Amino acid sequence: MSQEVPYSYEFENYLLKPSERLLLKGGENINLKGKDFDVLVCLVKKYGRLVSKTSLDSEVWQGTNAETEARVVTSIAKIRKVLEDDAKNPRFIETVTGYGYRFVAKVNTVSAPETGKSQPIDSSLSLPMTPKTESFQVESHKFVPMFLGTSCVDERDNWTVKENEWAKYHEFTTAVGRFCLLPFGVGTWHLIETVDFSTLTDLAIWRRRTYHNIIEGEHLISVHAVELSSSKSNQTLELWKDVFGNPGYVLSLYELKMPLWKTSEEIETALKLLACPTPLHCEELSEIEREETISLERSFFQNGFPSNDIEQYGLTGCELGYASWAGVSYYQTIGRRSRLVSQLVEFEIVVQATWWFCHCLKEKCLANSADTKAALAHDMQSLIIQYGKIKSIGPKEQTAQRTMREAILKTSRLEQLVEDTLELYNRL
């Protein structure tokens, strides 16, 4: 039976040995224990990458209570004290205000202690938080639609014009993600994060918590939304004041980067659960309920996961994905980077903005005020044009893209929503 190769990490004159739970400075042991040691390991293994507080909390504490902010901040303070690091001028741990932390010192990894050889960590690589046999890794893409109107573009010069196969939009980039504003005034926040988990249950817990933070305005996108909201927008969009600047909902795309599972059947089950993790949500973040949900997760791998509302897409032998009402998953089965990943992201940016725009229009039609029809005439025309672009088939559309587009449209119920909205409008 082969033995796992222990990894150690060198930075400046420190040596971090996770398997032995040792932090050495110049060969002398430094007192850093418990969860504080685990937090440092997480940051060092993700050298150069931004790690959110919720991600640290999920990986180190497994979400055992609601004290995420306090315990992460306290732990970081203890680590800085041990490393003699200055938060205002960091050599090791950089704070990204309101979001998380980044380990900024150069790190070498020692993968074979018997040879003593070390090599630099490539910060562009997605390194597993634990040995590959104990964790999996996903690249998380969150899509959050928001109504801001188009006037905000007129008053700022730091927007970039972008165009994909389905829409032209203005892009505003921030430290936490980008906001892609479509011509009808609704945009989609696109947030990317690479995260590692030991179970799909832990991912579902993390997903639920981060969704709550976004919807309740506790995420930095709400701060940026206020900054982007122009006085002109507030004055001219009286009709949309009830939704203006508020996150509509959150939808996730998870690209499986490092599978924990071995067989194709297991990976398919994992992808289905990534697309629809709601059965693994824990109402309470107690350890007992978490273990019960993990048992349910195991049963899905043993007996199969019922997938009546999940649509498969991709190209057999090359890439595989699933779409559901709750989300989307994707896995590249061969080594090269697929163009479908960027197409997935761009398509979801447009679909989610269009879906929220249509939903808001439907609510206005249901209100059925005397002047609703005239006030919505231009918006309804914009919806029809945009939906037509989403439905159109490009002359060079390949099988993987076609199946992706069809799966997302079917599970999003966008077609039915558009039809219902148009019917309500015509009855006004």
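Residues numbered from 1 in each chain as written. Predicted model: local features only at pLDDT ≥ 70, side-chain atom pairs only at ≥ 80, totals over all residues. Heavy atoms only, no water.

Enquirer: Explanation requested: the packing of aromatic side chains in the structure shown.
Expert: When we look at a pair of aromatic rings, we describe it by the centre distance and by the angle of the planes. Applying the stated rule across the entire model yields 18 aromatic pairs. Positioned above the aromatic ring of Y425 is the side chain of K373, whose terminal nitrogen or guanidinium carbon lies 5.4 Å from the ring centre. (Phe/Tyr/Trp six-rings, centres within 6.5 Å; stacked < 30°, edge-to-face > 60°. Lys NZ or Arg CZ within 6 Å of the ring centre and 35° of its normal.)

Enquirer: Just checking my understanding: could you explain the packing of helix α10 (residues 340-367) against helix α11 (residues 372-391) for this structure?
Expert: Two quantities define a packed helix pair, namely the angle between the helix axes and the distance between the axes. Between α10 and α11, whose axes approach to 10 Å, the crossing angle comes to 155 degrees. Judged by the angle between their axes, α10 and α11 are roughly antiparallel. Relative to α11, α10 is oriented so that their crossing is left-handed. Counted together, F347, V350, V351, T354, F357, C358, L361, K364 and C365 of α10 and T372, L376, D379, M380, S382, L383, Q386 and I390 of α11 form the full contact between these two elements. (Axes fitted to C-alpha atoms, helices over the stretch in contact; angles between N-to-C directions. Helix = DSSP H or I, 4+ residues; strand = E, 2+ residues; numbered from the N terminus. Parallel < 35°, antiparallel > 145°, perpendicular 65-115°, else oblique. Left-handed = near helix turned anticlockwise from the far one by under 90°. Contact = heavy atoms within 4.5 Å.)

Enquirer: I would appreciate a short explanation of the pattern of salt bridges in the present structure.
Expert: A pair can form between side chains of opposite charge whenever their charged atoms are brought close. According to the stated counting rule, one finds 22 salt bridges in the structure shown. A salt bridge links D38 to R21; the shortest N-O distance between them is 2.9 Å. Placement of the pair is D38 in helix α1 (residues 34-45) and R21 in the loop between β2 (14-17) and β3 (22-25), with a sequence separation of 17 residues. Classification of D38 by relative accessible area gives partly exposed; the value is 21%. (Salt bridge = Lys/Arg side-chain N within 4 Å of Asp/Glu carboxyl O. Buried < 20%, exposed > 50% of the residue type's maximum accessible area, 1.4 Å probe, protein only.)

Enquirer: Is there a simple way to think about the sheet that holds strand β18 (residues 327-332) in this case?
Expert: What holds strands together in a sheet is hydrogen bonding between their backbones, with the strands either parallel or antiparallel. Strands sit in the order β11-β12-β13-β14-β10-β15-β18-β17-β16 across an open sheet of nine strands; the sheet is mixed. The open sheet has two edge strands, β11 (160-163) and β16 (311-315), and neither has a second partner. This sheet shows a mean twist of 25 degrees between the axes of neighbouring strands, independent of strand direction. Strand direction decides the pairing type here: strand β10 (residues 136-147) and strand β15 (residues 251-258), joined by seven bridges, are antiparallel. Pairing of H141 across the sheet is with L253, part of β15. Sheet strands touched by helix α8 (residues 264-275): β10, β15, β17 (319-323) and β18. Its angle to β18, the strand with the most contacts, is close to 150 degrees. Contacting β16, β17 and β18, helix α12 (residues 399-412) runs over the sheet at an angle of about 165 degrees to β16. (Pairing = 2+ DSSP bridges.)

So, to be careful, I would describe these as geometric facts and stop short of saying anything about function.
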